[in-house]
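If you want the building blocks of each chain, they are given just below.
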Amino acid sequence: MTRPFLKMNGLGNDFIVIDARDAGFAPRTEDIRAWGDRASGIGFDQLIAIEGSETGDAFMRVWNSDGGTVETCGNALRCVGWVLDKATDSDELTIDTLGGLTTAKVLEADARTGMVSVDMGKPRLNWDQIPLSEEMDTLRLELQIGPIDAPLYHTPVAVSMGNPHVVFFVDDVMAVDVERSGSLIEHHPLFPEGVNVEFAQVIDRNIIRMRVWERGAGITKACGTGACATLVAAARRGLTERHGNVIMDGGPLHILWRAADDHVIMTGPVEVEFEGQLDG
Ligand SMILES: N[C@H](CCC[C@H](N)C(=O)O)C(=O)O
């Protein structure tokens, strides 16, 4: 069975988006890996399926390119919000995920690009919500990368946006070997479900430069939930205000951690690259 898909991205974090509301979609891990392979397949960071939902306008299911299931995906939520918006006249769409219910608002729905704001809900900050394998202060994790007596990076902040993140604050993010350091932490025993790893350099009270190693996908150009986690971590540490731009390799996302209701609002672009057919 062939399935039409949209190849989309949010700041270069790219996806294949399948509309599975009319026909179920349960891909095999080996197929996800084959489709996601950038050398021999189509190539993507995450595979996205839009499904029907009793609790919202749609349900978004996410797999990493390694085939693993993901609770939620911020950049993809903007893309799915954009797709759903084309077919409805409501300007707010509720999209449910394994990581919780979110609301997308399309601010600009241009033909090939657009600007979308997503209410990502509340960050989860308790050790067992990340989750961690033991009770610990999530604001100052007892964790380091590198030699015991001369750690490269240490004492990060853990935040869940529905999916797990650990944020290391560094003096010079461009000096970080993100692949080497990130891959060392992704499967650390402190994170029983794995973890996305962010390296963040605070530029000023409203600007953070961040690079990311994603669980199950490796280095990506941007990570929406990672940008949310980074701003929350910086604000919790008193390093920034509760709103600002998180600038990643693929560009900036505006993040607001709203004091009134503790919700995190992420705003940024979406892009449609091409349409295709998937055998599967
Ligand atoms: N790129 C996504 C995050 C995917 C996270 C995934 N790598 C995981 O295993 O949680 C985003 O924009 O939020």
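Note that the structure is a prediction, hence the values are computed from the model and not measured. (Residues numbered from 1 in each chain as written. Predicted model: local features only at pLDDT ≥ 70, side-chain atom pairs only at ≥ 80, totals over all residues. Heavy atoms only, no water.)

A closer look at the UniProt feature "binding site: substrate" (unreviewed entry) in the protein chain
Condition: UniProt positions are given in the numbering used here, feature names are shortened, and annotations may be inferred rather than shown by experiment. Numbering of helices and strands starts at the N terminus; helices are DSSP runs of H or I of at least 4 residues and strands are runs of E of at least 2. Accessible area is worked out with a 1.4 Å probe on protein chains only. A residue is then buried under 20% of its type maximum, exposed over 50%, and partly exposed in between. Whether two residues touch is decided by their heavy atoms; if any such pair falls within 4.5 Å, the residues are in contact. Side-chain atoms alone can form a polar contact between residues adjacent in sequence; in general such a contact is a pair of N or O atoms within 3.5 Å, and within protein one must be able to donate a hydrogen while the other accepts it.
On the UniProt side, "binding site: substrate" (unreviewed entry) is annotated at positions that read Asn-13, Gln-46, Asn-64, Gly-74, Asn-75, Asn-163, Asn-196, Glu-214, Arg-215, Gly-224 and Thr-225 here. Counting through the fold element by element, Asn-75 comes out in helix H2 (residues 74-87). Judged by its relative accessible area of 0%, Asn-75 is buried. Not counting the four nearest positions on each side in its chain, Asn-75 is found in contact with Gly-10, Asn-13, Phe-15, Ala-222, Cys-223, Gly-224 and Leu-253. Polar side-chain contacts of Asn-75 include one of 2.9 Å to the side chain of Asn-13. Within the secondary structure, Gly-224 sits in helix H4 (residues 224-236).

A short note on the pairing of strand S1 (residues 2-10)
Heads up, the rule is: Here, strands pair whenever DSSP counts at least two bridges between them.
Within S1, seven of the nine residues are buried, which leaves it mostly tucked inside the rest of the structure. Here S1 runs beside strand S18 (residues 264-279); their pairing, made up of eight bridges, is antiparallel. Residue pairing across strands places Pro-4 opposite Gln-277, the latter belonging to S18. Two strands pair when backbone bridges link them, and S1 and strand S2 (residues 13-19) are joined in this way by six bridges, in the antiparallel orientation. Residue pairing in the sheet places Gly-10 in a bridge with Asn-13 of S2. Connecting S1 to the antiparallel partner S2 that follows it, the hairpin turn spans two residues, and Leu-11 within it adopts a positive phi of roughly 55°.

Remarks on the state of the cysteines
Counted only if it meets this: What counts as a disulfide here is a pair of cysteine sulfur atoms lying within 2.5 Å.
Under the counting rule described, the total for this entry stands at zero disulfides. The thiol sulfur of Cys-73 is not disulfide-bonded, and the nearest other cysteine sulfur, from Cys-223, lies at 7.0 Å. Overall, Cys-73 belongs to the buried group, its relative accessible area being 6%. Residue Cys-223 is classed as buried on the basis of its relative accessible area, which comes to 3%.

Observations concerning the domain arrangement of the protein chain
We count it as follows: Each domain's extent was defined by an automatic or database domain assignment. What counts as buried area is the accessible surface, traced by a 1.4 Å probe, that two parts surrender upon association, with contributions from both included. Counted as salt bridges are all cases of a side-chain nitrogen of Lys or Arg within 4 Å of a carboxyl oxygen of Asp or Glu. Gly is put with the polar residues, along with every residue not named as nonpolar or charged; the nonpolar set is Ala, Val, Leu, Ile, Met, Phe, Trp, Tyr, Cys and Pro, and the charged set is Asp, Glu, Lys and Arg.
Under the domain assignment used here, the protein chain contains domain 1 (2-120 + 268-279) and domain 2 (127-262). For domain 1 and domain 2, the distance between their C-alpha centroids amounts to 23 Å. Contacts between the two partners involve 21 residues from domain 1, matched on the other side by 22 residues from domain 2. Between domain 1 and domain 2, the buried area comes to about 1400 Å², and carbon and sulfur atoms account for 48% of it. Taken as a group, Leu-11, Glu-71 and Met-120 account for 38% of the area that domain 1 buries against domain 2, more than any other trio of residues on that side. Counting every contact that joins domain 1 to domain 2 gives two salt bridges. Counting across the domain 1 and domain 2 interface gives five residue pairs in polar contact (both at pLDDT 80 or more). Elements supplying a minimum of two residues to the side of domain 1 that touches domain 2: H2 and S18. Sort the elements by how many residues they give to the side of domain 1 that touches domain 2 and H2 lands first, with three residues. The class makeup of the residues in the side of domain 1 that touches domain 2 is five nonpolar, 11 polar and five charged.

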